[in-house]
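A look at the structure
Each chain is listed here by its residues.
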Amino acid sequence: DASGKTSELLDFYEEGTWTPAFDDAGGGTFGYSSQSGTYTRIGRLVYCQFSIVVNSVSGLSGSIMRLTGQPFSSNSDENMLVTRYQNFTSGRPLRGNASGSSSVNIKSEGTNDNGNFPSSNTTASSQLIGLLIYTAS
């Protein structure tokens, strides 16, 4: 049209499930009693919901805790909001931001982008529920 705007039809829509997981940047491991996630992708926008319940931890370094397993690689613009958490030893994991194309650094409450949530605050009964929104690469 004369204004330079074009009309586009929806070119991609998908719904599905994914398996969220934690990653300890220092090499520790997590076991799970529950991992569930759903997503909706419209065009390149990906909207994810997730729930993780931990049942074991081993060798956690206290380094950065990350969320992984996203259904699509991101354009490094992932943003996460925690809607519920429980049974962490201290601190409050409330948000997150991209640490690359396939993981999100979990952040502590009241901190700037350098306030990473330490993996060592996770117990054998920690639970995290939240939302993740990003642009697929």
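Higher on the page you've got the structure.
Only a predicted model underlies this, so the values are computations on that prediction, with no experimental measurement involved.

By way of backbone hydrogen bonds, the strands of a sheet pair with one another, either parallel or antiparallel. Strands sit in the order β1-β3-β4-β9-β6-β7-β8-β5-β2 across an open sheet of nine strands; the sheet is antiparallel. Sheet topology places β1 (13-18) and β2 (21-24) at the edges, where each strand pairs with a single neighbour. Each strand axis lies, on average, 25 degrees off the axis of its neighbour in the sheet, ignoring direction.

Counting 23 residues, the largest nonpolar core has F22, L67, M80 and L132 as its most contacted members. Only β3 (29-42), β4 (45-58), β5 (65-68), β6 (79-88), β8 (103-108) and β9 (122-135) provide two or more residues apiece to this core. With five residues, the single largest contributor to this core is β4. If near-sequence neighbours (up to four positions away) are discounted, L132 is found in contact with W18, V46, Y47, C48, L67, Q70, E78, N79, M80 and V104.

Per the stated rule, a full pass over the model turns up five aromatic pairs. Geometrically, the ring pair formed by W18 and F50 is edge-to-face, given 6.3 Å between the ring centres and 70 degrees between the ring planes. In this pair, W18 is assigned in strand β1 and F50 in strand β4, connecting sequence segments 32 residues apart. With a relative accessible area of 2%, F50 lands in the buried category.

About the criteria used
Residues numbered from 1 in each chain as written. Predicted model: local features only at pLDDT ≥ 70, side-chain atom pairs only at ≥ 80, totals over all residues. Heavy atoms only, no water. Pairing = 2+ DSSP bridges. Helix = DSSP H or I, 4+ residues; strand = E, 2+ residues; numbered from the N terminus. Axes fitted to C-alpha atoms, helices over the stretch in contact; angles between N-to-C directions. Core = buried A, V, L, I, M, F, W, Y, C linked by side-chain atoms within 4.5 Å. Buried < 20%, exposed > 50% of the residue type's maximum accessible area, 1.4 Å probe, protein only. Contact = heavy atoms within 4.5 Å. Phe/Tyr/Trp six-rings, centres within 6.5 Å; stacked < 30°, edge-to-face > 60°.

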